[in-house]
Amino acid sequence: MGHLLLPQISRELWKEWEPRLLVLLSLVLQLTLASQGSRRKSIFRNWIQVVIWTTYLLADYIATFALGVLSHRLANIKETKGMIDSKSQITAFWAPFLLLHLGGPNTVTAYALADNELWPRQVVRVCVQVGIACYIYSMALSGTALSILAAGMILVGSIKYAERSLCFYLASKGALRDSMLPRPDVNPVYPRKMEEFILKKEEGFLVGIDEVIQIRAPENLSVNSKKDDDRENDRTLVEANKLFKIFKLLFVGLTVNSVDLVVSRHMFMGPNMSTRDAFKIVEIELGFMYDLLFTKAPLLNRAWGIIRWVISLSVPCAVLVLFSLQDKKGYPKVDIWITFLLISAAILLEIYSLLQVISSDWVDQWRIQRPSRFPISSAIRFLRLRPRRRWSNSVAQFSLLTSSTRKRKGIFRHPRLTKLREVVEKNFYISYEKFNNDIKVSIFHRMKEMVTSLERSVQLARGLESLRVEARELLKKSNCDDLVWSTEMEFDQNILIWHLATELRHHEDRGSMDPEAEANCRMSMLVSQYMLYLLVFYPSMLPTGIGELRYEDTLVEAQKFFNDKLEILSNDEGSSISSVVIEWAQILFKKEAHVHTRFDSCIAAHGSRESRDLCEVCGLLLQVRTELPAWKMRGAKSTSVLFDACRLAHQLKDVDTWDIISKVWVRMLVYAACQCKGYEHCESLSRGGELFSHVWLLMAHLGIAQPVQTAESTCITKLIMK
């Protein structure tokens with residue numbers, strides 16, 4: 001009997017506490033999403049993406065499930081007792097707050113662009129969930145002391161939930177594109193003019209035609225300077241806002257007018273545009289685009305936003321006051337405290353969201369354009385939160401040689417989970433480098449050099465076509481005809497060959513470079529490992545090819561080459577160095593030390609086993625003889641480029657190595673970034689932003705954008721009568 005009683009007590013306890021725990025869990029998820037949701041805009045790390053993704057999915061699921069539990073529980077009580085007691089009424093009062101939770105925070109509407117395309121499904125969800133909340137209200141709260149309070153909160157919750165669905169629609173690909181299109185000119189000018197022409201001709205007039213040509217004026221990108229000339233940040237923000245209104249068309253595949261492109265190019269190529277300002281303008285523009293796609297900014301930055309803030313703040317405050325004054329006899333104390341917590345949290349979340357909006361670039365650029373003594377401007381300046389970073393300012397790094405030397409104990413050891421294990425393991429090999437100002441200066445300087453070179457050769461108008469052959473032309477102009485073969489292959493093949501060659505040259509040249517070569521080396525290594533990261537993890541951002549397959553083949557061949565080399569050397573018993581090689585091989589795979597044991601290795605000590613292993617591997621590859629082209633020797637089925645890279649690394653010895661390598665990498669980065677579709681750049685904004693997107697938008701400002709609308713003159717025809 002005791003054994004049966006315990007489960008019965010447990011079930012009763014769970015039945016009583018289930019709604020409470022679900023509502024509290026929903027509140028915790030909302031607090032997490034509100035505080036952490038906007039951080040993905042400026043944090044590149046995988047852990048923050050996982051936290052936000054998990055919270056985003058659970059928040060909707062838990063709130064929906066809690067609404068279902070409440071409605072089912074209350075329906076059972078009414079069916080059993082014929083009425084809803086006061087103890088259950090306060091539980092029913094939580095339904096509007098769950099509706100409020102489903103509306104989500106203002107800083108997160110969609111997690112990915114695909115969510116925006118599912119806006120019809122979201123509309124259905126809104127109708128169903130609001131219907132359930134109204135059903136709970138009519139069943140348990142209609143005519144009670146809590147009815148007015150619940151009705152007010154249902155209104156606020158319905159507004160927030162409907163807002164979220166509307167933002168999904170506004171950020172969907174079709175709606176966003178339509179909102180940026182100019183209104184079509186459907187004025188039937190021709191029939192009216194022809195009627196007038198025939199009428200005047202019949203009256204005996206000699207009718208002629210005169211054309212007045214209209215030339216579109218470029219957008220004014222100048223900024224009115226204030227009395228405070230030091231307010232550089234304010235001027236930069238206003239410039240970014242004006243440029244965003246022009247170049248946001250590129251994100252949805254629309255055309256930019258060539259006149260605006262020329263004005264923007266003169267602005268960015270001018271002596272007054274520093275590297276810091278150029279990258280900051282692009283950061284702000286990408287931040288604006290992020291807000292349009294993944295937050296409620298499209299609605300809150302309109303006149304509706306003021307009305308909505310008044311409702312969403314005044315109603316919960318009124319509910320808090322009225323509930324405090326209400327007679328709470330008959331309500332369980334724990335439920336009273338949960339209700340107070342829900343109301344207070346709703347108010348605090350709205351206040352926090354309002355402060356976030358006030359601190360945004362949208363409101364800031366509006367404030368800057370108002371008089372400094374304007375009362376609202378002063379209030380906004382006072383209430384602003386500490387500014388957050390606009391993007392991660394980090395660049396992901398991935399090295400083929402480093403990943404080939406690492407041996408991890410897989411979590412997924414079942415043969416059927418091999419692919420999953422490979423995907424998980426690859427993520428452990430990603431590292432992040434700070435995008436320092438020195439590298440920004442170097443990249444921006446080389447980008448401007450490219451544009452200047454294209455202007456001189458009258459190829460700027462050809463855009464991407466001219467960029468495609470830029471690396472090849474550079475090598476020819478630098479008297480490096482022997483290296484041209486490395487840029488005439490498919491683009492993913494070029495990336496892999498130059499990535500490996502860059503790693504090998506870095507290994508051999510380190511410690512013997514002058515300051516200029518060292519700066520070029522740092523920039524080249526950063527771009528090289530970043531491009532491989534994109535090739536492996538986001539191949540859709542690069543030109544179409546078989547990059548993933550080529551990477552896998554090269555990785556397998558590298559591992560096979562290292563294993564075969566070690567086996568051959570260790571079996572050569574007649575060699576005086578065999579014992580050293582065996583010892584080195586054991587250390588390499590057992591990871592017991594950070595010192596070199598192989599002959600002819602560098603003398604320097606390494607800070608980690610990975611660094612030592614990479615050094616050993618590079619040493620083996622640099623010993624490979626490459627007199628014959630590797631692509632002529634390998635089989636037709638193999639797509640590996642390992643030994644092509646070794647050949648290129650040897651050929652680079654005879655040139656100004658790091659100057660050439662850095663120029664080639666910038667050209668490949670620029671070409672790939674400009675080739676990438678606007679949709680892919682939009683998607684990257686949700687994961688902390690990509691250097692790729694910054695380069696793409698910078699090149700658009702420098703005059704290379706696709707597609708471009710030619711500035712055609714418009715004619716107005718007048719009839720002249722004599």
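It should be emphasised that the depicted structure is a prediction, and the values quoted were computed from it without experimental measurement.

## A closer look at the overall build of the chain
Link 1 in the chain: Within the chain, the regular secondary structure consists of 31 helices and 6 strands.
Link 2 in the chain: Counting across all 722 residues of the chain, residues that qualify as buried make up 51%.
Link 3 in the chain: Residue pairs at least 24 apart in sequence account for 79% of intrachain contacts in the chain once pairs closer than 6 positions are excluded.
Link 4 in the chain: Accessible area for the chain stands at about 35,800 Å²; split by element, carbon and sulfur atoms hold 58% of it.

## Quick word on the pattern of salt bridges
Link 1 in the chain: Within the structure shown, the criterion is met by 21 salt bridges.
Link 2 in the chain: When the shortest N-O distance is used, the salt bridge between Asp492 and Arg550 registers 2.6 Å. With Asp492 in helix α23 (residues 491-509) and Arg550 in helix α25 (residues 547-571), this residue pair connects regions lying 58 residues apart in the sequence. As far as the burial class goes, Asp492 and Arg550 line up, both buried.
Link 3 in the chain: Linked by salt bridges that have partners in common, Lys160, Glu163, Lys296, Arg308 and Glu350 make up one network.

## Section: helix α16 (residues 361-368)
Link 1 in the chain: Among the 8 residues that make up α16, 7 are buried, leaving the element largely enclosed by the rest of the structure.
Link 2 in the chain: Of the positions making up α16, those classed as buried are Asp361, Trp362, Val363, Asp364, Gln365, Arg367 and Ile368.

## Re helix α28 (residues 642-651)
An α-helical segment advances 3.6 residues per turn. Residues three or four places apart therefore align on the same side.
Link 1 in the chain: Of all 10 residues making up α28, 9 are buried, and the element is well covered by its neighbours.
Link 2 in the chain: Every buried residue belonging to α28 is among Leu642, Asp644, Ala645, Cys646, Arg647, Leu648, Ala649, His650 and Gln651, and all of these are buried.

## A word on the packing of helix α11 (residues 258-269) against helix α31 (residues 691-701)
Link 1 in the chain: It is the contact of α11 with α31, at a shortest axis distance of 7 Å, that shows an interaxial angle of 105 degrees. With respect to each other, α11 and α31 are oriented roughly perpendicular. Taking contact as the criterion, the partners of Leu261, Ser264, Arg265 and Phe268 in α11 are, on α31, Leu698, Ala700 and His701.
Link 2 in the chain: Partitioned by chemical class, the residues of the contact of α11 with α31 number 4 nonpolar, 2 polar and 1 charged.

## Remarks on the packing of aromatic side chains
Link 1 in the chain: Here the structure, examined in full by the defined rule, presents 23 aromatic pairs.
Link 2 in the chain: Seen from their ring centres, Trp119 and Tyr169 are 4.8 Å apart, and the 70 degrees between their planes marks the pair as edge-to-face. With Trp119 in helix α6 (residues 119-141) and Tyr169 in helix α7 (residues 147-171), this residue pair connects regions lying 50 residues apart in the sequence.
Link 3 in the chain: Given the relative accessible area of 37%, Tyr169 is considered partly exposed.
Link 4 in the chain: With 6.2 Å between their ring centres and 25 degrees between their planes, Tyr530 and Tyr533 make a pair best called stacked. Of the two residues, Tyr530 and Tyr533 are both situated in helix α24 (residues 515-537); the distance of 3 residues between them amounts to about one turn of the helix. Grouping residues by exposure puts Tyr530 and Tyr533 together as buried.
Link 5 in the chain: What links up through ring pairs into an aromatic cluster is the set Phe398, Tyr530, Tyr533, Phe537, Tyr538, Tyr551 and Phe692.

## Focus: the state of the cysteines
By definition, a disulfide links the sulfur atoms of two cysteines through a covalent bond.
Link 1 in the chain: The final tally for this structure, using the stated rule, is 0 disulfides.
Link 2 in the chain: The thiol of Cys676 is not disulfide-bonded; the next cysteine sulfur, from Cys682, is found 9.7 Å away.

## Observations concerning the nonpolar core
Link 1 in the chain: Membership of the largest hydrophobic core comes to 190 residues, with the highest contact counts inside it found for Met289, Leu401, Met531 and Phe692.
Link 2 in the chain: A total of 14 residues in this core trace back to one element, the largest contributor, which is α24.
Link 3 in the chain: If sequence neighbours within four positions are ignored, Leu401 has contacts with Leu500, Glu503, Leu504, Phe562, Leu614, Val617, Cys618 and Leu621.
Link 4 in the chain: In terms of nonpolar packing, the next biggest core, distinct from the first, is built from 6 residues, Trp309, Val357, Ile358 and Val363 among them.

## A few points about unusual backbone geometry
Link 1 in the chain: One non-glycine residue with positive phi stands out, namely Asn393, at about 55 degrees.
Link 2 in the chain: One can find Asn393 in the loop between α17 (375-383) and β3 (394-397).
Link 3 in the chain: By relative accessible area, which is 16% here, Asn393 ends up buried.

## A short note on a nonpolar patch on the surface
Link 1 in the chain: Residues Leu13, Trp14, Trp17 and Leu21 make up a contiguous nonpolar surface patch of about 400 Å² in total accessible area.
Link 2 in the chain: By the secondary structure assignment, Trp17 is in helix α1 (residues 2-36).
Link 3 in the chain: The exposure class of Trp17 is partly exposed, given its relative accessible area of 31%.

## Some words on the packing of α23 against α24
Link 1 in the chain: Two elements in contact, α23 and α24, have axes whose closest approach is 9 Å; the angle formed by their N-to-C orientations is 140 degrees. As far as their axial angle goes, α24 and α23 are oblique. For the pair α23 and α24, the sense of crossing is left-handed. Between α23 and α24, the residues in contact are Phe491, Asp492, Ile495, Leu496, His499, Thr502, Glu503 and His506 and Cys521, Ser524, Met525, Ser528, Gln529, Met531, Leu532 and Leu535, respectively.
Link 2 in the chain: Considered class by class, the residues forming the contact of α23 with α24 number 8 nonpolar, 6 polar and 2 charged.

Here is what the cut-offs are and how they apply
Residues numbered from 1 in each chain as written. Predicted model: local features only at pLDDT ≥ 70, side-chain atom pairs only at ≥ 80, totals over all residues. Heavy atoms only, no water. Helix = DSSP H or I, 4+ residues; strand = E, 2+ residues; numbered from the N terminus. Buried < 20%, exposed > 50% of the residue type's maximum accessible area, 1.4 Å probe, protein only. Contact = heavy atoms within 4.5 Å. Areas by Shrake-Rupley, 256 points an atom, 1.4 Å probe, with all protein chains shown as cover. Salt bridge = Lys/Arg side-chain N within 4 Å of Asp/Glu carboxyl O. Axes fitted to C-alpha atoms, helices over the stretch in contact; angles between N-to-C directions. Parallel < 35°, antiparallel > 145°, perpendicular 65-115°, else oblique. Nonpolar A, V, L, I, M, F, W, Y, C, P; charged D, E, K, R; others polar. Phe/Tyr/Trp six-rings, centres within 6.5 Å; stacked < 30°, edge-to-face > 60°. Disulfide = S-S within 2.5 Å. Core = buried A, V, L, I, M, F, W, Y, C linked by side-chain atoms within 4.5 Å. Patch = residues over 30% accessible without salt bridge, like charges linked within 9 Å, V, L, I, M, F, W, Y side chains within 5 Å. Left-handed = near helix turned anticlockwise from the far one by under 90°.

Treat this as a map of the structure, not an account of what it does.
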